[in-house]
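Residues per chain are reported as follows:
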Amino acid sequence: MTPQEIQQKIEQELPGSKVEILDPRKDGVHLKAIVTYKEFSGKSLLEQHRMVYNALKEELKQEVHALALETKEEEKIEELRKEQ
Amino acid sequence: MNEDLKKRIEDMIQSKKVFLFMKGTPDAPQCGFSLKVGELLKSLHVDFGSFDVLENEDIRQGIKEYANWPTIPQLYINGKFIGGCDITLQLANSGELKKLLEE
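Residues numbered from 1 in each chain as written. Chains lettered and ligands numbered in written order. Predicted model: local features only at pLDDT ≥ 70, side-chain atom pairs only at ≥ 80, totals over all residues.

J.: An account of the sheet that holds strand β5 (residues 74–77) of chain B is needed here, citing residue identities and associated values.
T.: Residues and elements named next belong to chain B. Strands sit in the order β4-β1-β5-β6 across an open sheet of four strands; the sheet is mixed. Because the sheet does not close on itself, it has two edges, and the strands there are β4 (49–52) and β6 (80–83). Neighbour to neighbour, the strand axes of the sheet diverge by 25° on average, direction disregarded. Taken together, the four bridges between strand β1 (residues 18–22) and β4 define a ladder with parallel strand orientation. In the strand pairing of β4, Phe21 is matched with Phe51. (Pairing = 2+ DSSP bridges. Helix = DSSP H or I, 4+ residues; strand = E, 2+ residues; numbered from the N terminus. Axes fitted to C-alpha atoms, helices over the stretch in contact; angles between N-to-C directions.)

This is the structure in structure tokens:
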């Protein structure tokens, strides 16, 4: 599964999320996903990570070995900008 | 999950205040994520129990279902599932892990 496919899958399962996939070791295996999603608001870290993992349920069983996660609520600065 | 497997998992989690399911052992971890959590606990001088899921496929799969969490490592404190590598490191950075360990 390519980084792009992982990104698309998460964005599809968590509509409105923004996903960035990093490949810090440049090996295509040890990937890191940074997920920004409004629905994370008010949820614990554990719940936020579970939401992303649920989006990749099938993939994590087989093709995805290592996916580091960082989750963020919708970036506040952007919201402020929109309001102005 | 059958009751026997669930009980084996619960017995392990209850056996120590801090328990880590990992790939490999604290001294010979077999995966970078397990390595990081093990090293973190060692650096905090935490006395923790651990189980190498590579030794037992039933536990390896069972623990994923038990915690509703698809990956290893899994850290438990006071019998409660805390998270995997990313969450544990994040909680360590924010100081929350220390609080959990002191509870």
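J.: A description of the interface of chain A and chain B should follow, citing residues and the corresponding values.
T.: Between chain A and chain B, the contact holds ten residues from the first and eight residues from the second. Counting only elements with at least two residues in the side of chain A that touches chain B, the list comes to α2 (45–55) and β3 (66–72) of chain A. Among the elements that make up the side of chain A that touches chain B, the one with the highest residue count is α2(A) (five residues). A breakdown of the residues in the side of chain A that touches chain B according to their chemical character gives seven nonpolar, one polar and two charged. (Contact = placed C-beta atoms within 7 Å. Nonpolar A, V, L, I, M, F, W, Y, C, P; charged D, E, K, R; others polar.)

J.: Requested: an account of the packing of helix α1 (residues 3–14) of chain B against helix α3 (residues 57–67) of chain B, with residues and values cited.
T.: Residue and element names in this part refer to chain B. Two elements in contact, α1 and α3, have axes separated by 10 Å at closest approach and are oriented at 85°. By the angle class used here, α1 and α3 are roughly perpendicular. In this structure, α1 contributes Leu5, Lys6, Arg8 and Ile9 to the contact, and α3 contributes Asp58, Ile59, Gly62, Ile63 and Tyr66. (Parallel < 35°, antiparallel > 145°, perpendicular 65-115°, else oblique.)

J.: Which residues make up the environment of B:Asp86, and what are the values?
T.: By secondary structure assignment, the location of B:Asp86 is in helix α4 (residues 85–94). Owing to 20 C-beta atoms within 10 Å, B:Asp86 belongs among the buried residues under this scheme. Residues B:Asp86 and B:Glu65, 21 residues apart in the sequence, show an inter-C-alpha distance of 19 Å. With sequence-adjacent residues up to four places away left out, B:Asp86 is seen in contact with A:His49, A:Ala68, A:Leu69 and A:Glu70. (Buried ≥ 20, exposed ≤ 12 C-beta atoms within 10 Å, placed from the backbone.)

J.: I'd like a rundown of unusual backbone geometry, residues and numbers included.
T.: Negative phi characterises most residues that are not glycine, and trans characterises most peptide bonds. With an omega of 10°, the peptide bond between B:Ile72 and B:Pro73 qualifies as cis. Mapping B:Pro73 onto the fold places it in the loop between α3 and β5. Residue A:Lys26 is not a glycine yet carries a positive backbone phi of 55°. On the secondary structure map, A:Lys26 appears in the loop between β1 (18–22) and β2 (30–36). The class of A:Lys26 is exposed, set by 7 C-beta atoms lying within 10 Å. With phi around 50°, B:Asn68 is a residue other than glycine that occupies positive phi space.

J.: How would you summarise the nonpolar core if you had to cite specific residues and measurements?
T.: One finds B:Leu20, B:Phe21, B:Met22, B:Val37, B:Val53, B:Leu75 and B:Tyr76 to be the most contacted residues of the largest nonpolar core, which totals 23 residues. Secondary structure elements with two or more residues in this core: α1, β1, α2 (32–43), α3, β5 and α4 of chain B. Considering every element that reaches this core, the biggest residue donor is β1(B), with four residues. Residues contacting B:Met22, with those up to four places away along its chain left out, are B:Pro29, B:Ser34, B:Val37, B:Gly38, B:Ser50, B:Asp52, B:Val53, B:Ile72 and B:Pro73. Membership of the second largest hydrophobic core comes to 16 residues, among which are A:Ile6, A:Ile10, A:Tyr53 and A:Ala55. (Core = buried A, V, L, I, M, F, W, Y, C linked by C-beta atoms within 7 Å.)

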